[in-house]
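What follows is each chain in one-letter form.
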Amino acid sequence: MKITDSVHIDAPTDRVFEVFCDLDKTPTRVSGILSLDVLEGSAQLALGTKWRETRVFGGKEATEVMWVTAYEQDVSYTVDAQSHGMHYQSVYLFMPSHGGTRLEYRFTMTPLTIGARLMSVVGLLFLGTTKKALTKDHHELKVACEAQD
């Protein structure tokens, strides 16, 4: 399963990157996240940062451990997770565009086990729910980026 999305944010790329990488403030900026605990590294994302995130998804609480596997300041970062026999990867790309920033986002789910392959068919039913949640997260972070702090 793959989801791609992009959004224009009326803020400079360095500001957008900083907001998206600030784990301390993420739970107050993203309404779907109930809690976020940094397990390794700093609360400002960097290569190797690892955290546990609890959010509401499909009306239920879900907790996942995620970590940064690639990072280039003000340009991009990649976050990976593994759960229930699936590998999840989120790639964020930040590009200057029309006086602001274009954020491109790619999310992929890859089954690692036979059971996960069988369940991935069911997972297709949640594709719309997942895209809706990600779009909402990005909109809320866009609002934070565009706010005058």
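First, a word on scope: everything that follows refers to the structure included in this document. (Residues numbered from 1 in each chain as written. Predicted model: local features only at pLDDT ≥ 70, side-chain atom pairs only at ≥ 80, totals over all residues. Heavy atoms only, no water.)

1. A few points about the sheet that holds strand 3 (residues 50–57)
- Strand order in the open sheet made by the seven strands is 1-7-6-5-4-3-2, with antiparallel pairing throughout. Because the sheet does not close on itself, it has two edges, and the strands there are strand 1 (2–9) and strand 2 (33–40). Recorded for the sheet is a direction-independent mean angle of 25° between the axes of neighbouring strands.
- The sheet contact formed by strand 6 (residues 86–97) and strand 7 (residues 100–111) spans 12 bridges and is antiparallel. Bridged to Gln89 within strand 7 is Thr108.
- Running at roughly 155° to strand 6, helix 1 (residues 13–21) makes contact with strand 1, strand 4 (60–72), strand 5 (76–83), strand 6 and strand 7 of the sheet.
- Where helix 4 (residues 127–146) meets the sheet, its contacts fall on strand 1, strand 3, strand 6 and strand 7, and the angle it forms with strand 1 comes to roughly 20°. (Pairing = 2+ DSSP bridges. Helix = DSSP H or I, 4+ residues; strand = E, 2+ residues; numbered from the N terminus. Axes fitted to C-alpha atoms, helices over the stretch in contact; angles between N-to-C directions. Contact = heavy atoms within 4.5 Å.)

2. Observations regarding the pattern of salt bridges
- All chains considered together, the criterion is met by six salt bridges.
- When salt bridges with common partners are traced through the structure, they connect Glu53, Arg55 and Asp137 into a single cluster. (Salt bridge = Lys/Arg side-chain N within 4 Å of Asp/Glu carboxyl O.)

3. Brief notes about the packing of aromatic side chains
- Across all of its chains, the model carries 10 aromatic pairs by this definition.
- Look at Phe20 and Phe94: their rings are 5.6 Å apart centre to centre, the planes differ by 75°, and that puts the pair in the edge-to-face class. Of the two residues, Phe20 sits in helix 1 while Phe94 sits in strand 6, which places them 74 residues apart along the sequence.
- Look at Tyr92 and Phe94: their rings are 6.5 Å apart centre to centre, the planes differ by 15°, and that puts the pair in the stacked class. The residues Tyr92 and Phe94 share a single accessibility class, namely buried.
- Joined through ring pairs, the aromatic side chains of Phe17, Phe20, Tyr71, Tyr77, Tyr92, Phe94 and Tyr105 make up one cluster.
- Here Lys50 stacks its cationic end above the ring of Trp67, 5.8 Å away from the centre of that ring. (Phe/Tyr/Trp six-rings, centres within 6.5 Å; stacked < 30°, edge-to-face > 60°. Buried < 20%, exposed > 50% of the residue type's maximum accessible area, 1.4 Å probe, protein only. Lys NZ or Arg CZ within 6 Å of the ring centre and 35° of its normal.)

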